[in-house]
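Structure assessment
Listed below are the residues making up each chain.
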Amino acid sequence: MRKTRIENRIRRLRFDRNEMTQQELAEKVGVTRQTINAIELGKYSPSLEVAFLIARALGVELEEVFSYPKDAAEEAEAERGTKRG
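Given the structure is predicted, the values throughout are model-derived calculations rather than measurements. (Residues numbered from 1 in each chain as written. Predicted model: local features only at pLDDT ≥ 70, side-chain atom pairs only at ≥ 80, totals over all residues. Heavy atoms only, no water.)

Some thoughts on the pattern of salt bridges
The criterion, for reference: Salt bridges, as used here, are contacts in which a Lys or Arg side-chain nitrogen is within 4 Å of a carboxyl oxygen on Asp or Glu. Under the DSSP-based scheme used, a helix requires at least four consecutive residues in state H or I and a strand at least two consecutive residues in state E, with every element numbered from the N terminus. Each residue's exposure class comes from its accessible area (1.4 Å probe, protein chains only) as a fraction of the maximum for that residue type: buried when under 20%, exposed when over 50%, partly exposed otherwise.
Under the defined criterion, the tally for this structure stands at two salt bridges. In this structure, D16 and R12 form a salt bridge, with 3.2 Å as the shortest nitrogen-oxygen distance. Residue D16 and its partner R12 are located together in helix α1 (residues 10-16), separated by four residues, close to a single helical turn. The class for R12 is partly exposed, based on a relative accessible area of 48%. Residues E40 and R14 are paired through a salt bridge, measuring 2.5 Å at the closest nitrogen-oxygen approach. In this pair, E40 is assigned in helix α3 (residues 33-40) and R14 in helix α1, connecting sequence segments 26 residues apart. Take E40 and R14: they sit in the same class, and that class is buried.

Right, dumping it as structure tokens:
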């Protein structure tokens, strides 16, 4: 399974909030602990709605939790260009 290009700071932000567990965050967001774990590890990209709910549960803006590196965007563009031709 290929890791997602989206990076996140969920683990760091959880620990900055009195060491919130994955289970506690999952309950606030309305997903399973396994989903939070997969997102943290970069094995799964959350829906936009879940991403916003995670940020809200952590008390920060979406951009503080998730980022899409410029080189990943350029790589994705290159892959799309290759597949079209």
